[in-house]
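Structural overview for review
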Amino acid sequence: MDFLFNSPKRIFGILFIICFGMMAVALFMEHFLSLKPCMLCYMQRGAVLILGLIAALGYLINPKSLKAYKGFLIACFAALFSGIGLSLRQLYLQSLPPELVPSCAPDVDYLLDTLPFLEVLMMAITGDGNCAEVLWSFMGISIPGWLLIGFLITLLFVTKSFFSANEIHSHK
């Protein structure tokens, strides 16, 4: 397994492939299964995209210094923790009894046209009734549950990469 962690370029390449796969699944579900994403789904996609951009930059730049490499990994941690938090929020909304589910908000496109961006962002983070609806599940786990699993597995990978950083940079 150490071959996965023996170079920053390989680590960031693997992270990019993970993000690419997560986005491919999200777009497949939206366009081929006709599942309309809610605001929290869009926010979770944003966390995946940010992680993917960090990974792509890390791959292209291929940081040689330990400090730069760890900086990229810390940025990956930030994107992962935001994705984990958003997934947990949506799972919480899905677990609420119907009488406690917040009311549904209008479509995201309408909100962006009529409200300031920061207000829409706050509404997206807190979620609404649309976010509480379970549209699809596999093995009893809904989409945000699978995203949470993906974020946690990726977090383990980034954590291992972070703690292998000194070893990688000492061999150069």
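Our subject in this report is the structure included herewith. (Residues numbered from 1 in each chain as written. Predicted model: local features only at pLDDT ≥ 70, side-chain atom pairs only at ≥ 80, totals over all residues. Heavy atoms only, no water.)

This part is about the overall build of the protein. On a plain count of helices and strands, the protein comes out with 8 helices and 2 strands. Put simply, the protein runs from its N terminus to its C terminus through helices and strands in the order α-α-α-α-α-α-β-β-α-α. By principal-axis analysis of the C-alpha atoms, the protein measures approximately 60 × 40 × 30 Å. By residue count, 41% of the 172 residues in the protein fall in the buried class. (Helix = DSSP H or I, 4+ residues; strand = E, 2+ residues; numbered from the N terminus. Buried < 20%, exposed > 50% of the residue type's maximum accessible area, 1.4 Å probe, protein only.)

What follows concerns a nonpolar patch on the surface. There is a patch of nonpolar side chains on the surface, built from Leu 57, Tyr 59, Leu 60 and Ile 61 and spanning about 420 Å² of accessible area. Tracing the chain through its elements places Leu 57 in helix H2 (residues 39–61). The exposure class assigned to Leu 57 is partly exposed, which follows from its relative accessible area of 46%. (Patch = residues over 30% accessible without salt bridge, like charges linked within 9 Å, V, L, I, M, F, W, Y side chains within 5 Å. Areas by Shrake-Rupley, 256 points an atom, 1.4 Å probe, with all protein chains shown as cover. Salt bridge = Lys/Arg side-chain N within 4 Å of Asp/Glu carboxyl O.)

Here we take up the packing of helix H1 (residues 8–31) against H2. At a minimum axis distance of 8 Å, the contact between H1 and H2 shows a crossing angle of 150 degrees. Compared by their axis directions, H1 and H2 come out roughly antiparallel. The handedness of the crossing between H1 and H2 comes out as left-handed. Together, Lys 9, Phe 12, Gly 13, Leu 15, Phe 16, Cys 19, Met 22, Met 23, Ala 26, Leu 27 and Glu 30 of H1 and Tyr 42, Arg 45, Val 48, Leu 49, Leu 51, Gly 52, Ala 55, Ala 56, Gly 58 and Tyr 59 of H2 make up the contact between the two elements. (Axes fitted to C-alpha atoms, helices over the stretch in contact; angles between N-to-C directions. Parallel < 35°, antiparallel > 145°, perpendicular 65-115°, else oblique. Left-handed = near helix turned anticlockwise from the far one by under 90°. Contact = heavy atoms within 4.5 Å.)

What follows covers the environment of Leu 135. Inspection of the secondary structure assignment puts Leu 135 in the loop between helix H6 (129–132) and strand S1 (137–138). Separated by 30 residues in sequence, Leu 135 and Ala 165 have C-alpha atoms that sit 41 Å apart. Ignoring anything within four residues of it in the chain, the contact list for Leu 135 reads Leu 35 and Lys 36.

Attention shifts here to the packing of aromatic side chains. For the structure shown, the criterion picks out 9 aromatic pairs. Considering the side-chain rings of Phe 28 and Phe 32, the 5.5 Å spacing of their centres and the 25 degrees angle between planes classify their relative orientation as stacked. On the basis of relative accessible area, Phe 32 is assigned to the exposed category, the value being 65%. Connected via pairs of aromatic rings, a cluster forms that spans Phe 77, Phe 81, Phe 162 and Phe 163. If you follow Lys 9 out to its NZ or CZ, it ends over the ring of Tyr 59, 4.7 Å from the centre. Just above the ring of Phe 162 sits the side chain of Lys 70; from NZ or CZ to the centre is 4.9 Å. (Phe/Tyr/Trp six-rings, centres within 6.5 Å; stacked < 30°, edge-to-face > 60°. Lys NZ or Arg CZ within 6 Å of the ring centre and 35° of its normal.)

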